[in-house]
Amino acid sequence: MRYSALSVLLNGLTGKAPAPAWRSPAPKAEYDVVIVGGGGHGLATAYYLAKEFGITNVAVLEKGYVGSGNIGRNTTIIRSNYLLPGNNPFYELSMKLWEGLEQDFNFNAMVSQRGVVNLIHSDAQRDAYRRRGNAMRLHGVDAEILDREAVRKILPFLDFDNARFPIKGAIRQRRGGTVRHDAVAWGYARGASARGVDIIPHCEVTAIRQHNGSVTEVETSRGTIRCKRLALATAGHSGITAAMVGITLPIETHALQAYVSEGLKPFIDTVVTFGAGHFYLSQSDKGGLVFGGDIEGYNSYAQRGNLANIEHVAEAGVAMIPALSRVRVLRAWAGVMDMSMDGSPIIDKTHLPNLYLNAGWCYGGFKATPASGLCFAHLIAKDAPHEVARAFRLDRFARGYLIDEKGQGAQPNLH
Amino acid sequence: MASLIPCPHCGPRPKEEFTVRGAALPRPAPNAPVAEWQAHVYLRENPRGDYAEHWHHSGGCRRWLVVNRNTATHAVHSVTDAAGERP
């Protein structure tokens, strides 16, 4: 069924219960492509495989329920404000796909281009942001530097004269914003399912079998499934799935917390990041302030964080917006991130000819969802990388072609 | 992460006193092949389970420690001084 205002009206009048948005069939014995991981990237990959490349005999295997991982745990921000040539065109493609996504998959994902504002607190930071803004504009991405008074017009409640971190200006990407994260998973699942993709929840892959140097089948909690091509998109659990075929990845798994406050009246109509500490904030359409900070710092597969980090994030938030000190936090939760050694992702082939890898998204995976799905589908369908994802190679660490936006080196908990 | 880390020098201390560096890996020989050094710098087992890491007691005795802990349950099994024998 195609969703429209008319369908809402007709189904409302007839009182029909809505049909499930996607099928959940039992797994077949064999597929052309099996995608491990039914999160945003896995579902987007299945969607574009079916829609752009005509490959529909596809299964998406998800160990929990659809949307139970990081696609439902992030802070919903989209942006394409990257500095390096390996990253920038990829994230800009993602932004362009976000801009047309709802029409493309006929689902309301509440894409809201409310802008992303990164605050500047020092002359050195202004220089760095100006450089980034210039790099963005050279790549055809929108960026503008705001002075202090221009920031004050958008965000009058910031602590501009904070003794330690005075606000000197900001860089803004107007096309950035937020998207309803769950709806992204649901929209891609619905679109893929309608084109013949089998989305199979509660189906955990426990082993990957090889014969004559290529992958032949996966063992799952719902039986053995044969596959002609296998695609791994398991985010924070990439180390576990890669180990099933003997690959050791340049990735560590870390927990990242996110928070939402009680619902408030409209307060902030953009995304704003603190430049002096790790804190960022936006307001959901329900009124809750959605905010986050840095990862916990140690390897963890537990989807939970510590109170000390909550306190740290709250301190940074109040330093930026003193009015937050009276706001009560409603919920805190965590997801596990596939933190790569240079802070950039991997979309690549592996040493096995029919095994493909999508991993290393650090805490920037959500904004990348559409482009990641399209580029991974391109790689699987054509056995060649998409033009904008050429730099995301698994062997770049050995070859010395790292894509290190922050210049931190091989220390994943600092990216 | 467990709330307390039993430092062999200071006793059980809150984990906020410590700074984590990452996996405690044996260092390759200086003349080891490039591939071995590349793996040492970039590749990680990243297990869901027991893991040995270097932690620095930066807010205490300032000794480097090897912390054996579980990455899924966050239980700390043992802590030794990094200069000592590995368990």
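Please read these numbers as outputs of a predicted model, since none were measured by experiment. (Residues numbered from 1 in each chain as written. Chains lettered and ligands numbered in written order. Predicted model: local features only at pLDDT ≥ 70, side-chain atom pairs only at ≥ 80, totals over all residues. Heavy atoms only, no water.)

J.: Now, about the overall build of chain B: what can you tell me, with residues and values included?
T.: The number of helices and strands found in chain B is one helix and six strands. Overall, chain B shows an N-to-C arrangement of helices and strands of β-β-β-α-β-β-β. Residues classed as buried in chain B amount to 40% of the 87 residues present. Contacts in chain B between residues far apart in sequence, at least 24 positions, make up 41% of those at least 6 positions apart. In the structure as shown, chain B presents an accessible area of about 4700 Å², 55% of it carried by carbon and sulfur atoms. (Helix = DSSP H or I, 4+ residues; strand = E, 2+ residues; numbered from the N terminus. Buried < 20%, exposed > 50% of the residue type's maximum accessible area, 1.4 Å probe, protein only. Contact = heavy atoms within 4.5 Å. Areas by Shrake-Rupley, 256 points an atom, 1.4 Å probe, with all protein chains shown as cover.)

J.: If you had to explain the overall build of chain A to someone new, which residues and values would you point to?
T.: In terms of helices and strands, chain A carries 10 helices and 18 strands. Here the C-alpha radius of gyration of chain A, 21 Å, is about what a compact globule of 415 residues would show, namely 22 Å. In chain A, the proportion of contacts linking residues at least 24 apart, taken out of those at least 6 apart, comes to 75%. (Rg over C-alpha atoms; globule rule 2.2 N^0.38 Å.)

J.: Explain the confidence of the model for chain B to me, using residue names and the numbers behind them.
T.: Across chain B, pLDDT averages 94, with 97% of residues at or above 70. In the model output, the complex is listed with pTM 0.96 alongside ipTM 0.95. (pLDDT = per-residue confidence, 0-100.)

J.: I'd like a description of the sheet that holds strand β4 (residues 116-120) of chain A, backed by residues and values.
T.: Residue and element names in this part refer to chain A. In space, the eight strands of this open sheet follow the order β5-β6-β4-β13-β14-β15-β12-β16, with mixed pairing throughout. In this open sheet, the two strands that pair with only one neighbour each are β5 (144-147) and β16 (329-340). Neighbour-to-neighbour, the strand axes of this sheet turn through a mean angle of 25 degrees, independent of strand direction. Inspection of the sheet shows strand β14 (residues 279-283) paired to strand β15 (residues 288-299) by four bridges, in the antiparallel sense. Paired with Y280 across the two strands is G292, which belongs to β15. (Pairing = 2+ DSSP bridges. Axes fitted to C-alpha atoms, helices over the stretch in contact; angles between N-to-C directions.)

J.: Could you give an account of the state of the cysteines, naming the residues involved and the relevant values?
T.: One pass over the structure, following the stated rule, counts zero disulfides over all chains. Residue C375 of chain A stays outside any disulfide, its sulfur separated by 17 Å from that of C362 of chain A, the closest cysteine. Just so you know, C61 of chain B is unpaired, no disulfide at all, and the nearest cysteine sulfur is the one on C10 of chain B, 3.7 Å from it. Judged by relative accessible area, which is 28%, C61 of chain B ranks as partly exposed. (Disulfide = S-S within 2.5 Å.)

J.: Kindly report on the packing of helix α3 (residues 88-105) of chain A against helix α9 (residues 365-382) of chain A, identifying the contributing residues and their values.
T.: Residue and element names in this part refer to chain A. Relative to each other, α3 and α9 sit at 95 degrees, their axes nearing to 8 Å. For the element pair α3 / α9, the angle class is roughly perpendicular. Facing α3, whose interface residues are F90, Y91, L93, S94, L97 and W98, α9 presents F366, K367, A368, T369, P370, A371, S372, L374 and C375. Looking at the contact of α3 with α9 residue by residue, the classes come out as 11 nonpolar, three polar and one charged. (Parallel < 35°, antiparallel > 145°, perpendicular 65-115°, else oblique. Nonpolar A, V, L, I, M, F, W, Y, C, P; charged D, E, K, R; others polar.)

J.: Outline the packing of aromatic side chains, supporting the account with residue identities and numerical values.
T.: Residue and element names in this part refer to chain A. Counted by the stated rule, this structure contains 18 aromatic pairs over all chains. Aromatic pair F279 and F291: ring centres 5.7 Å apart, planes at 40 degrees, arrangement tilted. Residue F279 is found in strand β14, and its partner F291 is found in strand β15; the two are separated by 12 residues along the sequence. The pair formed by F279 and F291 is uniform in burial state, with each residue classed as buried. Looking at R152, its charged tip hangs above the ring of F160, at a distance of 4.4 Å from the centre. Over the aromatic face of Y3 sits the side chain of R190, whose NZ or CZ is 3.6 Å from the ring centroid. (Phe/Tyr/Trp six-rings, centres within 6.5 Å; stacked < 30°, edge-to-face > 60°. Lys NZ or Arg CZ within 6 Å of the ring centre and 35° of its normal.)

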